[in-house]
Amino acid sequence: MTTIYNKLEGPGVYHREVPFLETRGTFYQVGFHIGKTFSDRIQGHWRESEVVQDVLIPYAATARGQDYLKACLEVCRAAFPQYIDELQGMADGSGVPFENLFLLSSTKEIKNVLYPKERDTSIGCTDVLVNSPQCKIIAHNEDNYHLIDKFGYIIKVTIVEGGKELETFTSYCFPGCLAGNNTSFNRHGMVFTSDALYPNIVVENTPPRDFLSRSVIKAKSFDEAIALAKSAGVGVAYGFTLNMADVKNPSTMYSMEIGPQRGESNTAVHTLHEEADGSKPCHFIHVNSIEFLAGYTEIHNNTSSATRRERSHQMEAPRTRESALTILGDTARQDYPIYREPTTATDGISTIFITVADILNNRVEFYHGNPVSQGFKPSFHFQITDEKL
């Protein structure tokens, strides 16, 4: 394991450690290595998380919860046995029972619809996509509970089964969860960010969205990513958005909303083509509201998302990295700011980091702290792909 130290000078100084693990092996071996390396973080998050203690554990103790999770596990074993192996390895390595980690994988479905302590739509992110000949980026605010910041980690994984390399990707991970819920990129040059959506239904006897997110990040192309998201023959239990770019095919970017549906996920794809005309917009902004999927009613109190969307459209249309980060660092709406501090945001959620996938320069940058006050300097960065472009 390597620890990435962020040492930034100037206003809002952050001295933060982000653990990074590079590992190679079978699905089970990789999961075990992740679990063993980050066992303290996975166990600490399980103990300290109010969502775990107040929502997930009580739900799992009900007869209804046990029936739902049993059926859900059977579907996942049939549709995604490799990721069940990965999760089992993580459980064995971390010392946290498999049932607990599978329960974590169903957090979105349980917390938002099946057993809501209160309707919580506060967690959510803001993405700014820019696609011009001079600037091609996906900039992403990761807004979440402070425990994700405290216990999260970054992994670079190569999956090898039977002597064949199946997947190589890098991903920021929530503790004890499968990769894919957050900024991820793979050796084929594909980049993904994810935004929560809040439909008011869960489709039972389908995989949790976490398993679909994990599946998609292996994709070699947009077409494969879209096909994996459709999850033909299976579907998905809950909704989310994937924003995608490809360093090998930089002329087009996509924002794909994925809705719960049995048999095949419901998908709606927004395409952002390169725009060379400086008088025309070359951007797209997505928050946590459904914009393209038809036929869903959203959980009603999505005030944070609506406010962030409204504010972002009041600002100057982004054409550069700096203008995109100016939007993501905005705090003008103090009740529901785009850049959220735990001491100021009404919903108690904070922006734990910002990523910028710079497609033209083949790199993903991480920013800790508000990039506006820190002069747009990234904390650290990764190369997206080592393959020849």
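Keep in mind that this is a model prediction, so the values were computed, not measured.

### Structural notes on the pairing of strand 3 (residues 126-131)
- Along strand 3, six of the six residues are buried, which leaves the element largely enclosed by surrounding structure.
- What you see with strand 3 is no split at all: T126, V128 and V130 on one side and D127, L129 and N131 on the other are buried throughout.
- Pairing analysis gives six bridges linking strand 3 to strand 4 (residues 136-144), with the strands arranged antiparallel. By the bridge assignment for strand 4, D127 is matched with H140.
- Alignment of strand 3 against strand 14 (residues 283-286), held across four bridges, turns out to be antiparallel. Residue pairing across strands places V130 opposite H283, the latter belonging to strand 14.

### A look at the packing of aromatic side chains
- Tallied over the entire structure, the rule returns 18 aromatic pairs.
- An aromatic cluster is built from F20, Y172, F185, F353, F366, F380 and F382, whose rings are joined through pairwise contacts.

### Comments concerning unusual backbone geometry
- At N362, a residue that is not glycine, the phi angle is positive and equals roughly 55 degrees.
- Within the secondary structure, N362 sits in the loop between strand 15 (350-358) and strand 16 (363-367).
- Phi at F376 takes a positive value of approximately 65 degrees, unusual for a residue other than glycine.

### Considering the confidence of the model for the protein chain
- Looking at the protein chain as a whole, its pLDDT mean stands at 91, while 92% of the residues score no less than 70.
- Counting interchain partners and residues more than four positions distant, the pLDDT-below-50 stretch residues 5-15 has 25 contacts.

### A closer look at the pairing of strand 16
- Taken across its five residues, strand 16 has four buried, putting it largely inside the fold.
- One ladder, built from five bridges, connects strand 15 with strand 16; its direction is antiparallel. Looking at strand 16, one finds that I354 is bridged to Y367.
- Relative to strand 17 (residues 380-383), strand 16 runs antiparallel, the two being bridged by four bridges.

### Thoughts on the environment of G263
- With respect to the helices and strands, G263 occurs in strand 12 (residues 261-263).
- Note: C-alpha distance between G263 and H33 (230 residues apart in sequence) is 34 Å.
- Other than its neighbours up to four places away in sequence, G263 contacts S231, A232, G233, V234 and G235.

### Focus on the pattern of salt bridges
- A complete count under the given rule lists 18 salt bridges for this structure.
- With its nearest N and O atoms 2.9 Å apart, the salt bridge here joins E165 to R187. Separated by 22 residues along the polypeptide, E165 in strand 6 (residues 164-173) and R187 in the loop between strand 7 (184-186) and strand 8 (190-196) bring together distant segments of the chain.
- Residue R321 is joined to E365 by a salt bridge in which the shortest nitrogen-to-oxygen separation is 3.1 Å. With R321 in helix 12 (residues 321-328) and E365 in strand 16, the pair connects residues that are 44 residues apart, well separated along the chain. Accessibility assignment for this pair places R321 and E365 in one class, buried.
- Each of the salt bridges in this network shares a partner with another, and the network as a whole consists of R24, E165, R187 and E387.

Thresholds, definitions, all that
Residues numbered from 1 in each chain as written. Predicted model: local features only at pLDDT ≥ 70, side-chain atom pairs only at ≥ 80, totals over all residues. Heavy atoms only, no water. Buried < 20%, exposed > 50% of the residue type's maximum accessible area, 1.4 Å probe, protein only. Helix = DSSP H or I, 4+ residues; strand = E, 2+ residues; numbered from the N terminus. Pairing = 2+ DSSP bridges. Phe/Tyr/Trp six-rings, centres within 6.5 Å; stacked < 30°, edge-to-face > 60°. pLDDT = per-residue confidence, 0-100. Contact = heavy atoms within 4.5 Å. Salt bridge = Lys/Arg side-chain N within 4 Å of Asp/Glu carboxyl O.

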